[in-house]
Amino acid sequence: MQKNSLRELPSVDEVLRSDRLQKCADLYSIGLVTEIVRDILKKMRGKIIDGHTIDISPEKIEALANNYLEDMLKPSLKKVVNASGVVLHTNLGRAILCNEAIEAIKIAACHPVNLELNLEEGERGNRDGHLEDILCRLTGAEAATIVNNNAAALFLILNTLAEAKEVIISRGELVEIGGSFRIPEVIQKSGCKLIEVGTTNMTHLSDYISAVNPDTALLLKAHTSNYRIIGFTSNVDLKEVVKIGMQHSIPVVEDLGSGSLIDLSQFGLPSEPQVKKSIEAGADVVTFSGDKLLGGPQAGIIVGKENYIRRINKNPLKRALRVDKLTIAAMEATLKLYLKPDTLPAKLPTLRFLTRPVPEITLIAEEASRLLKQRLGKDYFVEVENGESKIGSGSLPEEIITTKVVSITHKQIPLKKIFDMFLKNNPPILGRVHKGKFLLDMRMIEKAEDVVIK
Ligand SMILES: *Cc1c(COP(=O)(O)O)cnc(C)c1O
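Residues numbered from 1 in each chain as written. Predicted model: local features only at pLDDT ≥ 70, side-chain atom pairs only at ≥ 80, totals over all residues. Heavy atoms only, no water.

## Observations concerning the domain arrangement of the protein
Interface size is commonly expressed as the accessible surface area that is lost when the partners come together.
Working step 1: Domain assignment breaks the protein into domain 1 (2-73), domain 2 (81-89 + 354-451) and domain 3 (99-344).
Working step 2: If you average the C-alpha positions of domain 1 and of domain 2, the two centres end up 43 Å apart. (Domains from an automatic or database assignment.)

So, in structure tokens, the structure goes:
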């Protein structure tokens with residue numbers, strides 16, 4: 001091929017005259033199409049100047065522009081098949097909402113709603129009011145409020161109750177959650193001074209007592225959701241910390257992380273700390289996530305004593321961290337399911353997945369294995385095996401739930417390649433590589449065909 005020269009490069013106007021791009025301009029806007037053609041020509045000019053030989057035919061430029069525009073219109077947020085075995089996968093958006101929540105979101109999205117309108121008095125209402133009664137009923141707390149997520153909840157509480165003062169926390173509870181949430185940093189950024197007491201494995205009541213001084217504004221307990229300290233250990237019970245708090249009139253706040261509104265052991269699941277129990281134990285304020293075990297939309301729920309919740313709501317930062325109508329709609333519908341706990345495993349996807357009977361998973365796994373064998377051919381080794389699912393999102397990290405997986409290996413093809421092959425499917429299928437095999441966990445799969453690549 002001959003070297004191309006800059007003079008051969010068509011002008012923007014010439015390219016835009018093509019029928020195909022005229023059609024694009026009808027679909028999008030002539031301004032956008034012009035911009036994109038200009039960018040493509042600029043890149044080509046650069047390549048030519050650098051001495052590269054490239055295809056600069058109007059057809060090529062047209063095709064590039066067309067592909068670019070098509071890609072741009074495709075949604076970036078796509079449905080993904082979760083065969084990872086992690087039920088509450090933070091990278092996949094955590095909890096899947098129940099139908100009731102989806103219906104409630106539709107109403108709030110499509111219509112004006114009484115978000116901040118008191119329909120009885122005809123006056124301005126309070127957006128958190130839609131959730132407060134039910135949250136109090138489910139947790140036994142006096143008052144409740146809600147913000148963007150649990151990180152925001154903790155930040156807001158600390159800033160409201162302890163700004164420029166000291167916050168005492170055990171060294172064994174200085175949690176880091178994936179995605180850069182670190183308790184010490186949240187304490188600092190909320191304008192408080194961190195006072196660590198005890199050691200990593202041992203914190204005693206006396207450590208708290210000797211740290212309390214006139215500058216102490218808050219005693220913080222954090223649930224070590226994603227790790228356990230085992231062996232020679234000792235930690236101080238919430239009840240004991242509450243006693244110190246009462247003696248010195250210092251609020252005790254507990255960050256439960258996931259927390260649960262019910263006793264999960266009734267469904268044969270390992271039990272996560274219950275919000276109700278922390279309130280019973282005397283915590284002044286308790287926070288937990290909306291999209292972890294609760295199974296609702298992303299949110300940080302704050303429950304506790306009325307005077308503290310009132311102060312938290314008055315903090316100007318509350319306005320910056322408040323939730324929107326879609327979250328309130330979804331949260332209300334999700335919480336209402338908890339009024340009838342025995343129906344939760346049927347209605348709340350998070351619990352349905354976590355409690356799915358192994359024989360049901362096995363049926364799907366066997367069908368998926370059969371279809372995958374057909375699809376992949378005899379060079380792949382496909383098998384149904386026992387496996388282990390996880391709750392995820394830091395909940396009960398060492399608790400595993402038995403499941404069935406389809407394992408896939410190939411004599412030559414590396415596991416990472418197989419992993420990528422499934423991830424590149426449309427829709428993407430997220431499996432995992434474990435102990436020399438590529439695994440597809442069937443716990444969350446509704447139809448066997450969902451894990452078969454096209
Ligand atoms: C998950 C978690 C958080 C953060 O909650 P988000 O809702 O993700 O902001 C905070 N603290 C603990 C202990 C957690 O487990």
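Still to come is the rest of the account.
## Remarks on unusual backbone geometry
Working step 1: Here the amide bond leading from N426 into P427 is cis, since omega sits at 0 degrees, within 30 degrees of zero.
Working step 2: Take P427: it is sitting in the loop between α18 (415-423) and β15 (429-430).
Working step 3: Of note in the backbone geometry, S249 takes a positive phi value of approximately 55 degrees without being a glycine.
Working step 4: With respect to the helices and strands, the residue S249 is situated in the loop between α10 (238-248) and β10 (252-255). (Helix = DSSP H or I, 4+ residues; strand = E, 2+ residues; numbered from the N terminus.)

## A few points about the packing of helix α7 (residues 150-162) against helix α12 (residues 306-314)
Working step 1: At their nearest, the axes of α7 and α12 sit 9 Å apart, and the two run at 100 degrees to each other. Here α7 lies roughly perpendicular to α12, going by the angle between them. Counting all contacts with α7, which are made through L156, I157, T160 and L161, the residues of α12 involved are Y308, R311 and I312.
Working step 2: Split by residue class, the contact of α7 with α12 holds five nonpolar, one polar and one charged. (Axes fitted to C-alpha atoms, helices over the stretch in contact; angles between N-to-C directions. Parallel < 35°, antiparallel > 145°, perpendicular 65-115°, else oblique. Contact = heavy atoms within 4.5 Å. Nonpolar A, V, L, I, M, F, W, Y, C, P; charged D, E, K, R; others polar.)

## Description of the sheet that holds strand β14 (residues 401-410)
Working step 1: A sheet is described by the order of its strands in space; here four strands give the open sequence β13-β14-β17-β16, paired in antiparallel fashion. With one partner strand each, in any of the chains shown, β13 (380-389) and β16 (432-434) form the two edges of the open sheet. The average angle at which neighbouring strand axes cross in this sheet is 40 degrees, direction not considered.
Working step 2: With ten bridges connecting them, β13 and β14 associate as antiparallel partners. Across the sheet, V382 pairs through a bridge with I408, a residue of β14.
Working step 3: Where helix α17 (residues 358-376) meets the sheet, it contacts β13, β14 and β17 (437-441), and its direction lies at approximately 10 degrees from that of β14. (Pairing = 2+ DSSP bridges.)

## Here we look at the nonpolar core
Working step 1: Counting 64 residues, the largest nonpolar core has V303 and L335 as its most contacted members.
Working step 2: A per-element tally of this core places helix α14 (residues 325-337) first, with seven residues.
Working step 3: When residues of this core are assigned to domains, at least three map to each of domain 2 (81-89 + 354-451) and domain 3 (99-344).
Working step 4: Discounting chain neighbours no more than four positions away, the residues touching V303 are L135, T139, A141, A143, A144, V275, I279, D284, V285, V286, F288 and I309.
Working step 5: Formed by 30 residues, the second largest nonpolar core is a distinct cluster that contains L158, A162, I187 and Y308. (Core = buried A, V, L, I, M, F, W, Y, C linked by side-chain atoms within 4.5 Å. Buried < 20%, exposed > 50% of the residue type's maximum accessible area, 1.4 Å probe, protein only.)

## Thoughts on the side chain of S389
Working step 1: In this structure, S389 sits in strand β13.
Working step 2: When sequence neighbours within four positions are dropped, the list of residues in contact with S389 reads G85, E399, I400, I401, T403, D441 and R443.

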